[in-house]
Amino acid sequence: MREATIDLAAIARNVETLTAAAHGARTMVIVKANAYGHGAVPVARAVVDVGADWLGVADLDEAHELRDAGIDAPVLAWLHDPEADFAAAVDRGVDIGVSYLEQLERVAACGSRAHVQLKVDTGLSRNGAARDDWAEFFETAAAHERAGRIVVRGVWSHLSNTNEDEDNAQAADFAEALAAASVAGLDPELVHLAATAGTLRVPAARFGLVRLGISTYGLSPFGDATSAGLGLTPAMELSASIASVKRVAAGSGVSYGYDYRTPAETTLALVPLGYADGIPRHASSRGPVSINGVTYRIAGRVAMDQIVVDVGDSEVSVGDRAVLFGDPAAGVPSADDWAEASDTINYEIVTRIGPRVKRRYLP
Ligand SMILES: *Cc1c(COP(=O)(O)O)cnc(C)c1O
């Protein structure tokens, strides 16, 4: 059986640790992309239970999923389809992140009084109003607010995490945007800039609320700090039951292209997880797998549904568990180990775990 066990108690502890690190700022836990693969609804419930003030998602479909599940905590959604139905989301109490003037006009005209959070671009060059448009953006929002069409609840931006100087420069530009909002007559209740990295390492970026994504799941956004070093516990463990075991002769080719040939007579274990499940094919011959307390490397290529592990002369049986990653404190490989084996980041490792992998929740 393919399974991702999600430790909700670890998520709750991580949020408590991060809330302390936010130094009084309110917290928005980011549950976009199915809570980075962990399951949006169970994660949202767990974090709201331990006092997360807000939930953040990318798009309105993700916000509706939370509301459909009966979660009534404040929610912000910020990346919208050009055809997005703002009224339907506003009627369910979803705050709308607004990034440019035409979008602001659409939200103001949607027929329901939207709570909006105005995004400004202070770097990154992605979403958010460009500096040259700040004055008009804020003045237009203020006019709509005076007319009762919207409530401007927040002003916010996002850091590039390039280096300390760049992040501080963005924080300074953000302060200028706040001044421009104030000149336009806006007095937003929420002002926010920092995601996990800014929360932990850029004090000038904390403002009144911090947006916590990867750290909620117990993973570090930094190359130079582990989960444990930040006081966090990885919440996802990915494993599968070994589907078959066979003894093969020296020189046997393993998986497509025979990139691996057994150096000696050996035992091969077949693990039913492949790139369809989010295992990066790029980790072929490199990704670590722990079986009965021993960590091996994948033998040969990752296929769509399966990988093969050469366990040598170890005793391994059908039904034994193969753990790809989890909490390294438990002696298994980490999502960071997989990120390194795949030339990517831990965010991508957990987020790509596919729908065929059952999620099992530990309370
Ligand atoms: C994804 C995202 C976050 C969370 O970032 P982490 O590095 O995972 O903490 C915060 N804010 C915005 C706008 C995001 O898109």
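This text follows the structure it describes.
This report concerns the structure included in the present document. (Residues numbered from 1 in each chain as written. Predicted model: local features only at pLDDT ≥ 70, side-chain atom pairs only at ≥ 80, totals over all residues. Heavy atoms only, no water.)

Once that is clear, we can look at the environment of Gly-51. Along the polypeptide, Gly-51 turns up in the loop between helix H3 (40-49) and strand E3 (54-57). Among the residues examined, Gly-51 registers a relative accessible area of 42% and is labelled partly exposed. (Helix = DSSP H or I, 4+ residues; strand = E, 2+ residues; numbered from the N terminus. Buried < 20%, exposed > 50% of the residue type's maximum accessible area, 1.4 Å probe, protein only.)

The subject of this paragraph is the site of the ligand. All residues adjacent to the ligand are Ile-30, Lys-32, Tyr-36, Trp-78, Trp-156, His-158, Ala-195, Thr-196, Arg-211, Gly-213, Ile-214 and Tyr-347. Here an oxygen atom of the ligand and a side-chain polar atom of Lys-32 are 2.6 Å apart. In the environment of the ligand, a nitrogen atom lies 2.8 Å from a nitrogen or oxygen atom belonging to the side chain of Arg-211. When the ligand is considered free in solution it has 390 Å² of accessible area, and contact with the protein chains removes 92% of it. Applying the majority rule of atoms within 2 Å of the grid points places the ligand in the largest pocket. In terms of residue class, the shell around the ligand is made up of 7 nonpolar, 3 polar and 2 charged. (Near = heavy atom within 4 Å. Polar contact = N/O pair within 3.5 Å; in protein donor to acceptor, adjacent residues only side chain to side chain. Areas by Shrake-Rupley, 256 points an atom, 1.4 Å probe, with all protein chains shown as cover. 1 Å grid on protein atoms, 1.4 Å probe; cavity = no way out; pocket = protein on both sides within 12 Å on 5 of 7 lines; lining within 4 Å. Sits in = over half its atoms within 2 Å of the grid points. Nonpolar A, V, L, I, M, F, W, Y, C, P; charged D, E, K, R; others polar.)

Under the counting rule described, the total for this entry stands at 16 salt bridges. One salt bridge connects Arg-92 with Asp-68, and the closest N-O pair in it is separated by 2.8 Å. Taken together, the residues Arg-92 in the loop between helix H5 (86-90) and strand E5 (94-98) and Asp-68 in helix H4 (residues 60-68) connect sequence positions 24 residues apart. Arg-92 gets classed as partly exposed once you look at its relative accessible area, which sits at 31%. The exposure class of Asp-68 is exposed, given its relative accessible area of 58%. Note that Arg-356 is salt-bridged to Asp-305, the shortest N-O span being 3.0 Å. Linking Arg-356 in the loop between helix H11 (346-351) and strand E19 (358-362) with Asp-305 in the loop between strand E16 (294-297) and strand E17 (307-312), this pair joins segments that are 51 residues apart in sequence. In the salt-bridge network here, residues are joined through shared partners; they are Arg-2, Asp-277, Asp-305 and Arg-356. (Salt bridge = Lys/Arg side-chain N within 4 Å of Asp/Glu carboxyl O.)

Interpretation note: all reported values are geometric properties and have no functional meaning in isolation.
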